[in-house]
Amino acid sequence: MSTLEIKDLHVSVDTEEGAKEILRGVTLTINSGETHAIMGPNGSGKSTLAYSIAGHPKYTVTSGSVTLDGEDVLEMSVDERARAGLFLAMQYPVEVPGVTVSNFLRTAKTAVDGEAPKLRHWVKDVKDAMGNLRMDPAFAERNVNEGFSGGEKKRHEILQMELLKPKMAVLDETDSGLDVDALRVVSEGVNRVKEGTDVGVLLITHYTRILRYITPDHVHVFVDGRIAEQGGAELADRLEAEGYDRFLPAGAGA
Amino acid sequence: MSLLTQTPTQGEHTHSAATMVPDASRAERVSSFDVAAFVVPTGREEEWRFTPVDRLGTFFRDEATGAHLDWTETLPEGVTTSTISVADWQALGVPTPQDRAAAVAAAHSGGVGVVDVPAEAELTEPVRIRLTGSEQDLVHGHLLVRVGRFAKATVVLEHTGVADYSEMLTVLTGDGADVTVVSVQEWDDRSHHLAQHDVVVGRDARVRHIAVTLGGGVVRVNTNASYAGPGGSFEGLGVYFSDAGQHLEHRLFVDHEAPHCRSNVEYKGALQGETARTVWVGDVLIRAAAEGTDTYELNRNLILTDGARADSVPNLEIETGEIEGAGHASATGRFDDEQLFYLMARGIREDEARRLVVRGFFASVVARIGVPEVQEHLMEAIERELAGEAAA
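Residues numbered from 1 in each chain as written. Chains lettered and ligands numbered in written order. Predicted model: local features only at pLDDT ≥ 70, side-chain atom pairs only at ≥ 80, totals over all residues. Heavy atoms only, no water.

The name an unreviewed UniProt entry gives chain B is Fe-S cluster assembly protein SufD, with Phycicoccus avicenniae as the organism. Recorded in UniProt for chain B, the comment headed Sequence similarities (unreviewed entry) runs: "Belongs to the iron-sulfur cluster assembly SufBD family." (UniProt positions renumbered as here; feature names shortened; annotations may be inferred.)

The name recorded for chain A in an unreviewed UniProt entry is Fe-S cluster assembly ATPase SufC, from Phycicoccus avicenniae.

Structure (structure tokens):
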């Protein structure tokens with residue numbers, strides 16, 4: 001049983017006009033096995049929350065805390081966070097030319113586990129996980145994210161989640177840019193990991209569509225760097241019907 | 001997104017015509033067996049403008065030194081070595097020296113070391129020649145590699161130790177030959193090495209020239225490819241890694257005079273440490289007679305630390321419209337922090353993540369080398385170069 005605890009988190013980024021505060025006091029607790037959806041309009045700070053948890057150097061935490069089972073996550077380097085059990089499925093995964101998916105996955109697995117995976121099991125695990133995500137075996141020999149379609153990139157992110165078995169996974173707009181078939185495949189992948197590993201999931205999304213496939217236990221509406229409203233799965237239905245308009249100042253577009 | 005964020009640094013994609021008054025055509029550059037035809041360079045000449053000529057004075061002196069490097073050879077069956085006079089070498093109709101250092105090397109070498117691969121020989125092992133220097137005296141080195149028609153051969157030249165080495169290498173290939181010449185520069189960083197490598201591609205021959213430059217204070221390898229007949233193919237591949245204080249320069253000139261020939265050049269370099277310096281100049285000339293030419297050249301530089309400088313100058317000169325294709329690409333970029341973040345977000349430690357990215361950067365060109373022992377050695381050497389950074 002693990003707990004990711006975010007308390008009164010304030011985060012800013014450097015812009016040409018100086019530091020700009022994006023997160024203005026976020027408090028959120030996620031336990032193993034729970035799925036929390038964070039929904040909100042563009043620019044509300046959803047992705048900033050994801051990158052801040054993962055430790056991207058662009059974002060500066062000005063106050064507040066993030067702990068995983070009591071350990072101070074903000075004190076950890078990016079790689080230490082991953083080894084502690086945090087995972088971020090990125091919205092825009094980066095190309096790494098000349099590094100094959102197979103080499104990358106093995107290197108990451110070795111890093112996270114602290115030892116190289118047993119070869120025979122590993123080959124089978126990778127093959128099975130790729131099969132489940134309906135990925136061609138030839139995919140393993142391609143360079144990481146190089147020339148991948150949007151759907152392939154997202155499947156590759158979920159493939160990593162399946163293989164690395166994190167305690168807490170942050171999925172940053174994993175659904176955006178996917179057609180309905182790819183969305184279903186990716187959602188099934190997330191659900192498989194949830195069933196198999198009791199992972200806690202923070203699902204960040206702009207749309208309610210993915211919540212038809214992945215049922216959230218809690219829904220948080222994110223507006224202007226804060227959680228504006230919380231509820232159960234029924235809150236997502238209401239958002240689907242009404243949109244974000246009621247959370248926005250009059251005259252601002254969603 | 002590419003590995004190389006397209007932030008131009010000095011010299012990125014500079015057509016020389018835009019920056020200075022060049023020769024009207026690359027073909028008009030002085031070339032001669034006569035040392036007196038070349039002035040002692042000052043550094044203002046087009047062909048010397050990037051080179052620290054003040055550190056190379058002895059290379060331009062019109063006099064013999066009598067010094068030599070230690071020569072160790074491994075010859076597969078059928079391959080022979082011999083020595084011929086400079087006059088006999090000239091009589092073969094070889095390409096002429098293109099700068100003063102090469103003219104001096106050719107004039108004062110005292111004789112040409114010849115490696116002969118007989119016609120139709122199919123070598124399964126490379127010819128290996130290891131040249132080792134032990135003192136800083138200037139050495140004029142003069143080599144001729146001759147590969148007979150339809151022969152298949154790989155020749156690996158390795159350079160190590162301390163030396164000031166001025167080299168003239170001629171590679172003559174027969175019709176339909178399949179030849180790979182690898183020149184590895186792993187000198188001590190006190191060493192200086194100026195080289196002219198002339199590659200003459202036989203009719204329908206396939207010739208690959210590969211430069212691997214990792215060690216040496218100043219290393220400048222000028223590779224010139226020309227075609228003895230139609231249907232030839234030249235591949236010029238290069239990998240270099242420059243640390244603080246190193247000047248590593250590679251210049252290529254592919255002279256398409258015969259029709260229906262191909263050339264493809266790919267050089268990749270990494271720089272780390274203040275004052276690390278690299279230069280790549282790729283000249284391609286497609287003459288009026290060279291119809292059906294297909295050529296492409298690519299240079300990529302990866303700058304790992306502040307203070308390093310990479311110049312990259314591709315030049316393409318086309319005198320006929322009847323070609324298959326001609327293009328070039330050049331980019332110099334800094335290490336991409338987003339790649340680092342992506343890999344580290346998967347638990348991979350920073351030093352290992354950097355290693356993965358740099359290995360990946362070189363992977364495409366290293367894979368094309370096609371000589372497994374050279375590829376393995378090179379990847380290990382790159383790892384050592386990167387480890388040097390961690391220790392610093």
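### Here we look at the UniProt feature "domain: SUF system FeS cluster assembly SufBD core" (unreviewed entry) in chain B
Listed under "domain: SUF system FeS cluster assembly SufBD core" (unreviewed entry) in the UniProt record, and renumbered for this structure, are residues 134–361 of chain B. This span, residues 134–361 of chain B, is 9% helix and 64% strand, and a straight line between its end C-alpha atoms measures 34 Å. (Helix = DSSP H or I, 4+ residues; strand = E, 2+ residues; numbered from the N terminus.)

### Some thoughts on the interface of chain B and chain A
Counting residues at the interface gives 21 residues for chain B and 32 residues for chain A. Buried surface at the junction of chain B and chain A, both sides included, amounts to about 2100 Å², of which 67% is carbon and sulfur. Three residues, Phe 341, Tyr 342 and Arg 346 of chain B, lead the burial of chain B against chain A; their summed loss comes to 39% of the area buried on that side. At the junction of chain B with chain A, the criterion picks out one salt bridge. Across the pair Arg 346 of chain B and Glu 157 of chain A runs a salt bridge, and its minimum N-O distance is 2.6 Å. At the junction of chain B with chain A, the criterion picks out nine residue pairs in polar contact (both at pLDDT 80 or more). In terms of residues, the side of chain B that touches chain A owes the most to one element, helix α5 (residues 350–369) of chain B, which gives seven residues. (Contact = heavy atoms within 4.5 Å. Buried area = accessible area lost by both parts, 1.4 Å probe. Salt bridge = Lys/Arg side-chain N within 4 Å of Asp/Glu carboxyl O. Polar contact = N/O pair within 3.5 Å; in protein donor to acceptor, adjacent residues only side chain to side chain.)

### A word on the nonpolar core
The biggest cluster of nonpolar side chains holds 117 residues, and the ones touching the most others in it are Leu 49, Met 161 and Leu 171 of chain A together with Phe 241, Val 358, Phe 362 and Ile 382 of chain B. For this core, the leading source of residues is α5 of chain B, giving nine residues. One finds Leu 157, Ala 225, Val 265 and Trp 280 of chain B within the second-largest nonpolar core, a separate group that totals 48 residues. (Core = buried A, V, L, I, M, F, W, Y, C linked by side-chain atoms within 4.5 Å. Buried < 20%, exposed > 50% of the residue type's maximum accessible area, 1.4 Å probe, protein only.)

### Focus: the sheet that holds strand β1 (residues 3–15) of chain A
Residue and element names in this part refer to chain A. As summarised here, the arrangement of the four strands in space is β2-β1-β4-β5, forming an open sheet in which the pairing is antiparallel. Strand pairing shows two members of the sheet lacking a second neighbour, β2 (18–31) and β5 (71–72), which therefore form its edges. Taken together, the two bridges between strand β4 (residues 59–68) and β5 define a ladder with antiparallel strand orientation. Within β5, the position partnered with Thr 67 by the bridge is Asp 72. (Pairing = 2+ DSSP bridges.)

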